[in-house]
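Examining the three-dimensional arrangement
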Number of protein chains: 2
Amino acid sequence: MKHYQTLEKVFQKLNDIDQAKSVLHWDMAVHMPAGGAEARSEQLATLSDVSHAIITDRGIKSLLEGAASEKNTLDAWQVANLREMKRRWQHATAVPQRLVSDLTRAGAECEMVWRKARAENDFKSFAPHLKKVVGITREIAKAKGAALGCSPYDALLDQYDPGRTSAQVDVVFKDLEAFLPEFTGQVLEKQRSQGEPLALEGSFPIETQKQLSEKVLDIVGFDRNKGRLDTSHHPFCGGYPTDVRITTRYNENEFLSSVMAVLHESGHAMYEAALPASWYSQPVGQARGMSVHESQSLITEMQAGRNPGFIRYIAPILQKAFGGKGDSWDAENLVRLCNQAKPSFIRVDADEVTYPAHIILRYYIERYLIGGEMEVEDLPDAWAQGMQKFLGITPDTDANGCMQDIHWTDGSFGYFPTYTLGAIYAAQLFASAKETNGDVVPGLERGDFAPMITWLNEKIHQQGSYYATADDLITAATGKPLDVETYKAHLKARYLG
Amino acid sequence: MKHYQTLEKVFQKLNDIDQAKSVLHWDMAVHMPAGGAEARSEQLATLSDVSHAIITDRGIKSLLEGAASEKNTLDAWQVANLREMKRRWQHATAVPQRLVSDLTRAGAECEMVWRKARAENDFKSFAPHLKKVVGITREIAKAKGAALGCSPYDALLDQYDPGRTSAQVDVVFKDLEAFLPEFTGQVLEKQRSQGEPLALEGSFPIETQKQLSEKVLDIVGFDRNKGRLDTSHHPFCGGYPTDVRITTRYNENEFLSSVMAVLHESGHAMYEAALPASWYSQPVGQARGMSVHESQSLITEMQAGRNPGFIRYIAPILQKAFGGKGDSWDAENLVRLCNQAKPSFIRVDADEVTYPAHIILRYYIERYLIGGEMEVEDLPDAWAQGMQKFLGITPDTDANGCMQDIHWTDGSFGYFPTYTLGAIYAAQLFASAKETNGDVVPGLERGDFAPMITWLNEKIHQQGSYYATADDLITAATGKPLDVETYKAHLKARYLG
């Protein structure tokens, strides 16, 4: 097994570089002064080049072949690790280095233009830059599709969610497309009949919110010896298993969204922190793709954090922290505030009920863009039509429409579906966890996430990338692959039950 | 000049990796949770390996030769850059990779043992680990000496202070050895006759100290768009020209040492921030070695910051910040507090008068250790004798004696002399700045460092590594190479004048 062992060393090195990049990204979002931006891009680009050179080195191919011939000397995890190595190598070698560099450069430029153009609602300035990014991404998608033996768009999906195909996504999204309009109408009707929940009014000191965030992390069980919470413009989770960095943001006029962001990111963090320790440095030790990662943030935020039982537990803690007075602080009002549905323009502000519509719209558009059935110029119209069709509203501006997301600016096509696939997996996992351990919901009701997290530790976190696909992992954990019925049942129970 | 241009690209890459490492080091000292230590060491080791592989690549030698033959097409800065490239390449290729890795590993282990052993005053546990580090460093020193055509110890000096020789250091240190005992006696006698300055008593809130630190940075002219101040266990300066990271530490019972640490680190920072922008990514754009770097921290802290004129300016600001009352807050008392001499065991706590003795002791010991004239076992006795000889005191424990510094634990032999060489250069530079610009001292008296900093910008900072050695740079700036007389004159004027 000497070929395999040599490969382990190579991938350990790649992992070290990935981790270093993760710290550099975190620092960029949390601490870096503006003047350091150019140097930081250079550092990240150089580290990417170094990694790319290592994995596309001519010797790797024969090491992979050699290791494949040693398979009978490898154990099951080593075989899985070799499969993941090969997957990464295929993605890296499929594309000429020139295209990768072109995308990095065009993406950085497009993102820079986007920041200004979005602020000024200026689609015209933005479009040519996005067009360039789309053009390069099409070439990359074609090259990867050829290497992986799948369609160009499926090759992009595979980058974020190994083995995922648009055929699978189509089935699920078609189902949701049929289900959601009527369901959403029913939810809105029901909530209208109950009247608006009372708004929490007041000023909520940032210092108090920060203490509250730490309290929330204690409840979830986040280990401060292996991670930390900071503040950034957009909440995110970075780092690696022994040093997970999560962030949130604060607004003095409103605190619930920050609490929910902390819950969301802590779900990502608990996944990272509980990956299999003996495989930290290897591909098989990493999370099983972005839809599973999103399932962990969403089970923690949506299934557990917005669960009425948990909100009833935390309501008096929130009230006490801010010295809140009046009916708006009643637990039942907070339950309604945390589960209020309302069609809106902006995806990141969307509720659980309307969120999938935002994703389905983006999924169709990016498929057509990559497939060449749509051009960047068509975006504003397509967006307006889609929003009208799926949510019954038309964005007032391009800034609040097709220019709202950062993803496409750097070529991250194929990522959006993982948000809704993650929501579906989250519903499946929560249902199975409840079924297996009767203490999951009572735990939430007493502010104890341990019963749920312990189940996830065993079924998801500790499995790393042992299974080849997200569906294999979820099937092993719940008995079923991607299952939109469980998700719909959750939505119906929570919003119409 | 195509060989030269290719080399520039290689060294830009190396610079990016160095910068990434610098951020990782900063994060480790400022933010990293304890659990992340092992992964961070791995990341740093891998990045070092990557850099080493790049610079020792076979192709570099012929590129250097090719570039040398193109010399007549290069301008003066490019020629200087080529010289610096060659210097780095010589250091890197002189030593087999095995020795570099051995030192990294042994150094990390020795440092870990040292932390515990120092806390427990346990030289016996520490000694075998230091012995290992010394053994490997001797081999490295020999290999580098052979490649550079100098003695093993001089090769170590050259790592931190290019071109520095122990022959130069000997001359200066012998002079100080003769000068300091009598001078120190006179200073102590004079200060005794004046009675002890009044201690500043009270509790000094950390928040107020932090605001004060930022005020001090404003005075020095530190640009927050290109850097930041944070808190760490030991003050340091990291980062790079467009993103300089400085740190200090706070103690609620005492604030002057933190103010002085901020001044010290800001001197390093102002150097980094004003290096020549068109050469940021190249060796010639870097600071001219550690003795010049230390001269910048010491001119800012010792020459300017502890200058009576500046202390008289800042005294009422300090008093107001803490609401201080009583005679101890009088400017003249603060002047005395900031310039009080007293022999003590610990180098980092030493004052300007007694500091050189700590360095001279370490210089002799490390030369003997590397030369094989002394063994690790001899350290405690040699330390006790040296401290008695140079400062008239004997450390109460090894923890307060030969185990107090981190430097040797990871093999940083040859670094200590730069502290005192920097102090000498600082005195020379301050004398020349004063002479050239009559507003330097009046500037300090009104809280304006700009006259001094502007002079340093031009004479030192903007020169990068254009000059081959620190002495060449200082000669160009002041008309003289390393000049102990100016330093002694400064000491006499400040402490006996």
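Residues numbered from 1 in each chain as written. Chains lettered and ligands numbered in written order. Predicted model: local features only at pLDDT ≥ 70, side-chain atom pairs only at ≥ 80, totals over all residues. Heavy atoms only, no water.

Time to look at the overall build of chain A. A tally of regular secondary structure across chain A gives 20 helices and 3 strands. For 497 residues, the compact-globule estimate of 2.2 N^0.38 gives 23 Å, and chain A sits close to it at 23 Å. Across the 497 residues of chain A, 56% fall into the buried class. When the accessible surface of chain A is summed, it comes to about 20,000 Å², and 52% of that surface belongs to carbon and sulfur atoms. Separation between the mean location of the 52 positive side-chain charges and that of the 65 negative ones in chain A comes to 3 Å. (Helix = DSSP H or I, 4+ residues; strand = E, 2+ residues; numbered from the N terminus. Rg over C-alpha atoms; globule rule 2.2 N^0.38 Å. Buried < 20%, exposed > 50% of the residue type's maximum accessible area, 1.4 Å probe, protein only. Areas by Shrake-Rupley, 256 points an atom, 1.4 Å probe, with all protein chains shown as cover. Lys, Arg positive; Asp, Glu negative; His and termini not counted. Charge placed at Lys NZ, Arg CZ, Asp CG, Glu CD.)

Our focus in this paragraph is helix α8 (residues 166-194) of chain B. Residues and elements named next belong to chain B. End to end, α8 covers 39 Å across 29 residues, agreeing with the expected 42 Å (1.5 Å per residue, within 8%). At L180, α8 shows its largest bend, some 35°, and a proline, P181, comes one to four positions later. Within the sequence span of α8, burial applies to S166, V169, V172, F173, L176, E177, F179, L180, F183, T184, V187 and Q191. Buried residues along α8 sit against α7 (152-160), α13 (331-337), α14 (355-371), α15 (379-391), α16 (417-436) and α20 (484-496). G195 occupies a position one or two residues after α8 and carries a positive phi of about 80°. (Expected span 1.5 Å × (residues − 1). Bend = angle between axes of the 7 residues up to and from the residue. Contact = heavy atoms within 4.5 Å.)

Now for the packing of aromatic side chains. Taken as a whole, this structure holds 48 aromatic pairs over all chains when the rule is applied. When the centroid spacing of 6.3 Å and the interplanar angle of 85° are considered together, the rings of W383(B) and W408(B) count as edge-to-face. Of this pair, W383(B) sits in helix α15 while W408(B) sits in the loop between α15 and α16, and the two are 25 residues apart along the sequence. Aromatic rings pair up to connect Y160(A), Y355(A), W383(A), W408(A), F413(A), Y415(A), F416(A) and Y419(A) into one cluster. The ring centre of F416(B) lies 5.5 Å from the NZ or CZ of R362(B), which sits over that ring. (Phe/Tyr/Trp six-rings, centres within 6.5 Å; stacked < 30°, edge-to-face > 60°. Lys NZ or Arg CZ within 6 Å of the ring centre and 35° of its normal.)

Now for the interface of chain B and chain A. Contact with chain B, which involves 32 residues of that partner, is made by 32 residues of chain A. When the two sides are added together, the surface that chain B and chain A hide from each other amounts to roughly 2,600 Å², 58% of it contributed by carbon and sulfur. Counting every contact that joins chain B to chain A gives 4 salt bridges. Residue assignment for the side of chain B that touches chain A shows that the elements contributing at least two residues are α1 (2-30), α2 (37-55), β1 (227-231) and β3 (243-248) of chain B. Of all the elements, α1(B) adds the most residues to the side of chain B that touches chain A, at 10 residues. Residue composition of the side of chain B that touches chain A, by class: 12 nonpolar, 10 polar and 10 charged. (Buried area = accessible area lost by both parts, 1.4 Å probe. Salt bridge = Lys/Arg side-chain N within 4 Å of Asp/Glu carboxyl O. Nonpolar A, V, L, I, M, F, W, Y, C, P; charged D, E, K, R; others polar.)

Bringing the relation of the copies chain B and chain A into the picture now. Note on the copies: chain B fits chain A at an RMSD of 0.0 Å, the axial shift is 0.0 Å, and the rotation between them is 180°. In the structure described here, the two chain copies are related by an operation that fits a two-fold rotation axis. (Least-squares fit on C-alpha atoms with pLDDT ≥ 70 in both.)

This brings us to the packing of helix α3 (residues 58-69) of chain A against helix α4 (residues 76-94) of chain A. Residues and elements named next belong to chain A. Between α3 and α4, the least distance of the axes is 11 Å, while the angle of their chain directions is 155°. With respect to each other, α3 and α4 are oriented roughly antiparallel. The two elements α3 and α4 cross, and the hand of that crossing is left-handed. Residues I60, K61, L64, A67 and A68 of α3 form the contact with α4, whose participating residues are L82, M85, K86 and W89. The residue inventory of the contact of α3 with α4, partitioned by class, reads 7 nonpolar, no polar and 2 charged. (Axes fitted to C-alpha atoms, helices over the stretch in contact; angles between N-to-C directions. Parallel < 35°, antiparallel > 145°, perpendicular 65-115°, else oblique. Left-handed = near helix turned anticlockwise from the far one by under 90°.)

Looking now at the sheet that holds strand β3 (residues 243-248) of chain A. Working definition: the strands of a sheet are paired by backbone hydrogen bonds and lie parallel or antiparallel to each other. All names here are of chain A. The sheet built from 3 strands is open, its strands ordered β1-β3-β2 with mixed pairing. In the strand order of this sheet, the two ends are held by β1 (227-231) and β2 (237-240), each with one partner. If you compare each strand with its neighbour and ignore which way they point, the axes differ by 15° on average. As judged from the 5 bridges shared by β1 and β3, these two strands associate in the parallel manner. Across the sheet, residue R228 finds its bridge partner in β3, namely R245. Set on the sheet, helix α10 (residues 256-273) makes contact with β2 and β3; between it and β3 the angle comes to about 165°. (Pairing = 2+ DSSP bridges.)

Once that is clear, we can look at α14(B). Taking 1.5 Å as the rise per residue, α14(B) with 17 residues should run 24 Å; its terminal C-alpha atoms sit 25 Å apart, in good agreement. The buried fraction of α14(B) is high, at 14 of 17 residues.

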